[in-house]
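Working through the structure, step by step
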Amino acid sequence: MTLRIPHLTASPRHDRITGGLLCLAVLGVILSAFTGWRGADWLAEGGTLAAILWMTPTVRAGRQVFVLLGAALAIYAVIAAPHAGEVLAASLAQASFILAFFCALATLRHAAELSDSITRAAVYLAQQPPGRRYTALTLGAQVFALVLNYGSISLLGTMARSSARSEPDPEIARIRTRRMLLAVHRGFAASLVWSPLALAVVISTTVIPGATWGSVVLPSLVSAALMTGIGWTIDRIYKPKLRPGQVPTRADPADSGGPRVLLPVLALLALIALPVSAVHLLTGLPASRIVLAVVPLVAAIWLWRMGPAGRRGGYLAEHSGAFLFSELPALRSEIVLLTMAGFLGTGAGTLLAPLVAATGFDMSALPVWLVLVLPIWLIPLGGQIGMNPILFVSLFGPLLPTPEALGISPVPMVLAFTGGWAMAGATSPFTASVMLTARLGDADPLEVSHRWNGPYMLILGVALTAWVLLLA
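Residues numbered from 1 in each chain as written. Predicted model: local features only at pLDDT ≥ 70, side-chain atom pairs only at ≥ 80, totals over all residues. Heavy atoms only, no water.

Some thoughts on unusual backbone geometry
Inclusion rule: Helix and strand definitions follow DSSP, with helices as H or I runs of at least four residues and strands as E runs of at least two, each counted in order from the N terminus. A 1.4 Å probe rolled over the protein chains alone gives each residue an accessible area, and that area as a share of the maximum for its type sets the label: buried under 20%, exposed over 50%, partly exposed in between.
Positive phi, normally seen in glycine, also occurs at Asn149, with a value near 55°. Assignment of secondary structure puts Asn149 in the loop between α6 (130–148) and α7 (151–165). Backbone geometry places Asp442, a non-glycine residue, at a positive phi of 50°. The residue Asp442 is located in the loop between α19 (432–440) and α20 (445–452) in this model. Using a relative accessible area of 57% as the deciding quantity, one classes Asp442 as exposed.

Right, here's the structure in full:
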């Protein structure tokens, strides 16, 4: 007999309560980050726990399993762990932060999806000529991922698909669609290694002692450059040859407004980056915590600016309510998955560390090169069986020796984790990025992850391994 939580359909009233609980959790995390008030921790963790329990009956069985595993982990910790309270508090704190981070970024995506300037910028990138189309879409996807997260694949992928389908030759249209979608998909994956708004960077710098985004951003940009360059090279090598007489049609990028249509996107990034950097320098707070407050504020200002003159306040209130009580609750499946992955990974990693040590196995005795190489290859391999990178990194991180114990800086270890995470994002058929790309390309996720991206992953894995070992 299988234990399963009944599945219920969420009602508007249920969604309103969900939005309220999520709002309380996010507010608690922000207050805790900026004030250190213990009551804020209770608000954050209590709101998170209440929100997860409230949403669980309305998500599908695969997500409910994560909640049941979390309950089993908590029971085991209480029974077997001498410091169960500390273990569960740390796990719940990590879960609360992931929930708050996801919800904060969703505010920006809500505003961006209403913006005509974002759409015009996406059209401009999709209409670049063949010689620079791959580069434009790959770099553009990295920038758009800062604003839209997975929505960058949906937006740029849809524009790329529409652009390709304007081609009258069906064979050329199919080839162009695949190449453009791969450029967008790989660009999104590249953003995972450097973006301060990517969970890959945020979680990796959290689990590795002494790591900060500021200390890893420049080497991370080199990782992103490797991903971009290798992707471009493979695109050129595997570019199908057209038959004699086949001449693809070309859109004129100037018809979509020219390069100036990118300026609003760059201005938006500056509105996020400048206050985050300033507050970080003034207070020393981690950038990931500052983002929690800055991003919703920028999203609110953006919505207010988009409102019609004379009723901008009403426009902002209307969309804030729609986001909080309708759009955000609709993301319950993703919220439950990501939050519980953080809880399980942190809790299980903390509980396993002393058990591994008790066996006499000392991971600090492993060669440094092996400790650094393992995450690069194991994270994408775990992705092949559906293991979420958040769960893997949160679980695996506490088991590894600290950078100080290995005699290295935290930088190569962070790059190993984010590099493996990015490779999983490109090659795991269970990730949202692969499934979105497959849907837009009328393909199977396995085809996208293995056939389309298989050679890319192997070459990239070797390159990232060499880069990480060079830094060490």
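Once you've had a look at it, read on.
Here we look at the packing of aromatic side chains
Formally: Only Phe, Tyr and Trp rings take part, Trp by its six-membered ring, and two of them pair if their centres are within 6.5 Å. Stacked means planes under 30 degrees apart, edge-to-face means over 60, and tilted covers everything else.
One pass over the structure, following the stated rule, counts three aromatic pairs. Each ring, one from Phe97 and one from Phe101, has its centre 5.6 Å from the other, and the planes form 45°; the classification is tilted. Here Phe97 and its partner Phe101 are both found in helix α4 (residues 84–113), four residues apart, which amounts to about one turn of the helix. Across the pair, exposure class does not vary: Phe97 and Phe101 are buried alike.

Notes on the layout of surface pockets
We apply this condition: Here the term cavity refers to a set of points on a 1 Å grid, laid over the protein atoms alone, in which a 1.4 Å probe fits but cannot get out; the term pocket refers to an open set having protein on both sides within 12 Å along at least five of seven lines, with lining residues being those that place an atom within 4 Å of a point. Grid points are joined across faces, edges and corners, and a volume is the space filled by probe spheres set on the points. Each residue gets one of three labels, nonpolar for Ala, Val, Leu, Ile, Met, Phe, Trp, Tyr, Cys and Pro, charged for Asp, Glu, Lys and Arg, and polar for the others, Gly among them.
Its volume calculated, the largest pocket comes out at about 920 Å³. For the lining of the largest pocket, a count of residues per class yields 26 nonpolar, eleven polar and four charged.

With respect to the environment of Val216
To be explicit about the condition: Every residue pair with non-hydrogen atoms within 4.5 Å of one another is taken to be in contact.
Structurally, the position occupied by Val216 is in helix α10 (residues 213–237). Each C-alpha atom, one on Val216 and one on Pro410, is 8.4 Å from the other, the two residues being 194 residues apart in sequence. Discounting chain neighbours no more than four positions away, the residues touching Val216 are Val411, Val414 and Leu415.

Points about the pattern of salt bridges
Side chains that differ in charge, positive against negative, can pair when their charged atoms come close. Heads up, the condition is: Criterion for a salt bridge: a side-chain nitrogen of Lys or Arg within 4 Å of a carboxyl oxygen of Asp or Glu.
This structure, assessed with the given rule, holds six salt bridges. The partner of Asp15 in a salt bridge is Arg332, and the shortest N-O contact between them spans 2.4 Å. Here Arg332 lies in helix α14 (residues 332–358) and Asp15 lies in helix α1 (residues 12–35), a separation of 317 residues in the sequence. For the pair Asp15 and Arg332, one class covers both residues: buried.

Brief notes about the nonpolar core
This is how it is decided: Here the nonpolar core consists of buried residues drawn from Ala, Val, Leu, Ile, Met, Phe, Trp, Tyr and Cys, with membership extended through side-chain atoms lying within 4.5 Å.
Counting 141 residues, the largest nonpolar core has Leu108, Phe144, Leu328 and Ile335 as the members making the most contacts within it. No other element matches the 16 residues that α4 contributes to this core. Val434, Ala443, Val448 and Trp452 belong to the second-largest nonpolar core, a separate cluster that totals six residues.

Concerning the packing of helix α15 (residues 368–383) against helix α16 (residues 389–396)
As a reminder, the rule being used: Under this scheme, a helix contributes an axis fitted over its contacting stretch, all axes are lines through C-alpha atoms, and angles between N-to-C directions fall in the 0 to 180 degree range. Helix crossings get a hand from a simple test, with the near helix turned counterclockwise from the far one by less than a right angle marking a left-handed crossing and a clockwise turn marking a right-handed one.
α16 packs onto α15 with a crossing angle of 145° between their chain directions and a minimal axis gap of 10 Å. The two elements α15 and α16 meet at a crossing, and its hand is right-handed. Of the residues in α16, those touching α15 at Leu374, Pro375, Leu378 and Ile379 are Pro389, Phe392, Val393 and Phe396. When grouped by side-chain class, the residues that make up the contact of α15 with α16 number eight nonpolar, no polar and no charged.

Some remarks on α10
Our working definition: Here the expected span of a helix is defined as 1.5 Å times the quantity of residues minus one. Two axes enter the definition of the bend at a residue: one is fitted to the seven residues ending there, the other to the seven starting there, and the bend is the angle between them.
With 25 residues, α10 extends 35 Å from end C-alpha to end C-alpha; this agrees with the ideal 36 Å at 1.5 Å per step. The largest bend along α10 measures about 35° and falls at Pro219. Buried residues of α10: Val216, Val217, Pro219, Ser220, Ser223, Ala224, Met227, Thr228, Ile230, Gly231, Ile234 and Asp235, and no others. Residues of α10 that are buried in the fold lie against α6, α8 (170–191), α18 (410–427) and α21 (454–471).

So, empty space enclosed by the protein
Applying the stated criterion across every chain, the model contains one cavity of 30 Å³ or more. Estimates place the volume of the largest cavity at around 50 Å³. Along its surface, the largest cavity is lined by Phe102, Leu105, Ala106, Arg109 and Asn149. Of the residues in the lining of the largest cavity, the class split is three nonpolar, one polar and one charged.

Just geometry here; none of it tells us what the structure is for.
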